[in-house]
Amino acid sequence: MRPVETRVLVVDPDKPDVAAIRYAARILQDGGLVAFPTETVYGLGGDATNPRAAMRIFEAKGRPPDNPLIVHIARREDLWLVARDVPQAAQDLVERFWPGPLTMVLPRTGMVPDAVTAGLDTVAVRMPDHGIALALIAEAGVPVAAPSANTSGKPSPTTADHVIQDLAGRIDLVIDGGPTPVGVESTVIDMTSTPPVILRPGGATREDISEVLGEVMVSPVALGTKMPLSEGVPRSPGMKYTHYSPDAEVRLFEGDPRRVVPRLQAEAKGLIAMGKRVGIMCTDETKGAYQGLSVLVKSAGSRRDLSTVASRVFALLREFDRDGADIILVEGVPETGLGFAIMNRLRKAASITR
Ligand code: TXA
Ligand code: MG
């Protein structure tokens with residue numbers, strides 16, 4: 001693709017500058033691409049009613065063409081512009097979660113082109129909970145298609161710098177509104193089946209969704225599980241797409257920290273003896289156990305505060321790359337609350353799960 005000049009505008013999320021938002025909205029109306037913060041991660045926005053804008057999004061990210069985009073709206077009632085046959089259960093979720101990190105898959109209207117849904121007859125839609133995102137979408141006056149603003153396969157961007165690292169020269173504008181508070185993407189739930197099915201765990205927890213819906217299923221893909229692999233065993237063909245992967249290899253250690261810590265220590269020692277630069281992503285509770293073992297020990301936060309871990313996990317994966325790690329050994333966290341989304345991302349990032 002032809003390189004474009006990528007501008008960066010710093011905007012206060014609590015009081016978005018009107019002129020800046022107008023400028024960005026104008027780019028969207030002209031079919032251009034604007035990266036902007038949401039409460040989850042930065043999104044790469046284009047006019048969701050413009051097939052050419054949608055195609056540019058796929059091109060800028062290098063995204064496989066069969067992976068549809070999420071459509072973002074600024075008002076609850078705009079759901080009806082893009083979706084039809086909305087069941088009562090979906091309306092209940094809107095009441096409870098919007099604006100917020102919940103994306104619903106529903107039958108689409110004619111307003112949403114094939115280019116956005118990758119030809120599916122459904123659309124994924126959400127109303128983000130972020131001052132800049134809401135102001136931008138409202139000012140553009142159209143629904144905004146926005147996948148995460150990273151190169152396909154890389155960790156999702158939680159700062160404007162992450163977006164610039166991946167997409168400078170490929171998009172028109174980045175709105176820098178500081179780090180995104182939630183840090184993992186929205187939960188995607190398919191509301192076209194009964195009971196509804198969680199396709200991707202995310203910022204809205206399974207527990208909170210169950211409180212509204214009662215029964216909710218979880219798709220096997222949402223677990224992110226891969227069969228445990230021993231070293232040297234090739235990955236199965238079904239794992240052809242990498243996800244959330246830093247340049248360094250990720251090895252994930254799951255289970256009780258009392259058993260994980262000694263296993264991880266042993267693995268680190270072995271790799272360091274082989275001359276590898278080893279990063280260790282741990283938690284506040286276990287950090288002390290790795291001091292002196294490697295120079296690259298980073299805590300994602302306390303195991304008792306998974307919202308902090310969620311907000312840091314993608315940024316830390318990128319930091320290990322910046323610091324030149326060859327291999328990142330990652331301690332898993334409990335799968336309750338936001339831990340479900342965190343573990344899904346880590347399993348997908350990992351080449352080996354022990
Ligand atoms: O938090 C988020 O959801 C962020 C911010 C920017 O809003 N966006 C995001 O988009 O994570 P993306 O493109 O990285 O992930 C969209 C997910 C993909 O897993 C895609 O397959 C799924 O939503 N999806 C989109 N449309 C769908 C549809 N019609 N049916 C099923 N899954 C769909
Ligand atoms: Mg993504």
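Residues numbered from 1 in each chain as written. Chains lettered and ligands numbered in written order. Predicted model: local features only at pLDDT ≥ 70, side-chain atom pairs only at ≥ 80, totals over all residues. Heavy atoms only, no water.

It is worth spelling out the site of ligand 1 at this point. Taken together, 22 residues lie near ligand 1, and Thr-40, Arg-63, Asn-67, His-72 and Ser-186 sit nearest. Between ligand 1 and the protein, one listed contact pairs an oxygen atom with a side-chain N or O atom of Asn-67 at 2.6 Å. Arg-126 places a side-chain nitrogen or oxygen 3.0 Å from an oxygen atom of ligand 1. Summarising the interface, the protein chains cover 88% of the accessible area of ligand 1, which totals 690 Å² for the free molecule. Contributions of two or more residues to the shell around ligand 1 are made by β4 (70-72), β6 (122-126) and β10 (197-200). Of all the elements, β6 adds the most residues to the shell around ligand 1, at three residues. A class-by-class count of the residues in the shell around ligand 1 yields 11 nonpolar, seven polar and four charged. (Near = heavy atom within 4 Å. Polar contact = N/O pair within 3.5 Å; in protein donor to acceptor, adjacent residues only side chain to side chain. Areas by Shrake-Rupley, 256 points an atom, 1.4 Å probe, with all protein chains shown as cover. Helix = DSSP H or I, 4+ residues; strand = E, 2+ residues; numbered from the N terminus. Nonpolar A, V, L, I, M, F, W, Y, C, P; charged D, E, K, R; others polar.)

The next point concerns the domain arrangement of the chain. Parsing the chain into structural domains produces domain 1 (7-231) and domain 2 (249-353). The straight-line distance from the C-alpha centre of domain 1 to that of domain 2 is 28 Å. Counting from both sides, the interface comprises 32 residues of domain 1 and, opposite them, 23 residues of domain 2. Taken over both partners, the interface formed by domain 1 and domain 2 buries close to 2,200 Å², and the fraction arising from carbon and sulfur atoms is 55%. (Domains from an automatic or database assignment. Contact = heavy atoms within 4.5 Å. Buried area = accessible area lost by both parts, 1.4 Å probe.)

Moving on, we get to the packing of aromatic side chains. Using the criterion set out here, one finds one aromatic pair in the structure. For the cation-ring pair, Arg-96 lies above Phe-97, with the distance from its terminal atom to the ring centre recorded as 4.6 Å. (Phe/Tyr/Trp six-rings, centres within 6.5 Å; stacked < 30°, edge-to-face > 60°. Lys NZ or Arg CZ within 6 Å of the ring centre and 35° of its normal.)

The buried fraction of strand β12 (residues 249-253) is high, at four of five residues. Bridge count between β12 and strand β15 (residues 327-331): five bridges; the pairing is parallel. Within β15, the position partnered with Phe-253 by the bridge is Glu-331. (Buried < 20%, exposed > 50% of the residue type's maximum accessible area, 1.4 Å probe, protein only. Pairing = 2+ DSSP bridges.)

We now examine the side chain of Asp-166. On the secondary structure map, Asp-166 appears in helix α7 (residues 160-167). Of the residues examined, Asp-166 reaches a relative accessible area of 14% and is grouped as buried.

So, on to the side chain of Arg-303. Its place among the elements puts Arg-303 in the loop between β14 (296-299) and α11 (306-322). A polar atom in the side chain of Arg-303 sits 3.1 Å from the side chain of Glu-331. Here Arg-303 is in contact with Gly-255, Pro-257, Thr-283, Glu-285, Glu-331, Gly-332, Val-333 and Pro-334, once residues within four sequence places are set aside.

Turning to the packing of helix α1 (residues 18-29) against helix α6 (residues 131-140), a few remarks are in order. Between α1 and α6, the least distance of the axes is 8 Å, while the angle of their chain directions is 55 degrees. Taken as axis vectors, α1 and α6 run oblique relative to one another. Where α1 crosses over α6, the handedness of that crossing is right-handed. Along its contact with α1, which presents Ile-21, Arg-22, Ala-24, Ala-25, Leu-28 and Gln-29, the element α6 presents Ile-132, Ala-135, Leu-136, Glu-139 and Ala-140. Residue composition of the contact of α1 with α6, by class: eight nonpolar, one polar and two charged. (Axes fitted to C-alpha atoms, helices over the stretch in contact; angles between N-to-C directions. Parallel < 35°, antiparallel > 145°, perpendicular 65-115°, else oblique. Left-handed = near helix turned anticlockwise from the far one by under 90°.)

To continue, consider unusual backbone geometry. Note: most residues except glycine have negative phi, and most peptide bonds are trans. Following Trp-98, the chain continues to Pro-99 via a peptide bond in cis, the omega torsion being -5 degrees. For Pro-99, the position within the fold is in the loop between α4 (88-97) and β5 (102-107). One non-glycine residue, Asp-85, lies in the positive phi region at around 50 degrees. Locating Asp-85 in the fold gives a position in the loop between α3 (79-82) and α4. Notably, Ala-118 is not glycine yet its phi reads approximately 55 degrees, a positive angle. Position of Ala-118 relative to the elements: it lies in the loop between α5 (114-117) and β6. The exposure class assigned to Ala-118 is partly exposed, which follows from its relative accessible area of 29%.

Within α6, the full set of buried residues consists of Ile-132, Ala-133, Leu-136, Ile-137 and Ala-140. Seen along its axis, α6 keeps its buried residues to an arc of 120 degrees; they face one direction. On its buried face, α6 sits against α1, β2 (34-37), β4, β7 (144-145) and β8 (173-176). Positive phi appears at Gly-141, one or two residues downstream of α6, with a value of about 75 degrees. (Arc of directions from axis to C-beta.)

Reading across from one edge, β1-β8-β2-β3-β7-β4-β6-β5-β9-β10-β11 is the order of the 11 strands in this open sheet, with mixed pairing throughout. Only two strands of the sheet have a single neighbouring strand rather than two, namely β1 (7-10) and β11 (217-218). Relative to β11, β10 runs parallel, the two being bridged by two bridges. In the strand pairing of β11, Val-197 is matched with Met-217. Those strands touched by α1 are β1, β2, β3 (42-47), β7 and β8, and its axis lies near 150 degrees from that of β8. Packed onto the sheet, helix α8 (residues 206-213) meets β5, β9 (187-190), β10 and β11 and runs at close to 35 degrees relative to β9.

What follows concerns the pattern of salt bridges. Per the stated rule, a full pass over the model turns up 23 salt bridges. In this structure, the salt-bridge partner of Arg-251 is Glu-249, at a minimum N-O distance of 2.7 Å. What makes Arg-251 buried here is its relative accessible area of 4%. Taking the relative accessible area as the measure of exposure, Glu-249 reaches 28% and is therefore partly exposed. Note that Glu-267 is salt-bridged to Arg-354, the shortest N-O span being 3.1 Å. Pair noted here: Glu-267 is in helix α10 (residues 257-273) and Arg-354 is in the segment after β16 (352-353), with a separation of 87 residues, a long-range link. (Salt bridge = Lys/Arg side-chain N within 4 Å of Asp/Glu carboxyl O.)

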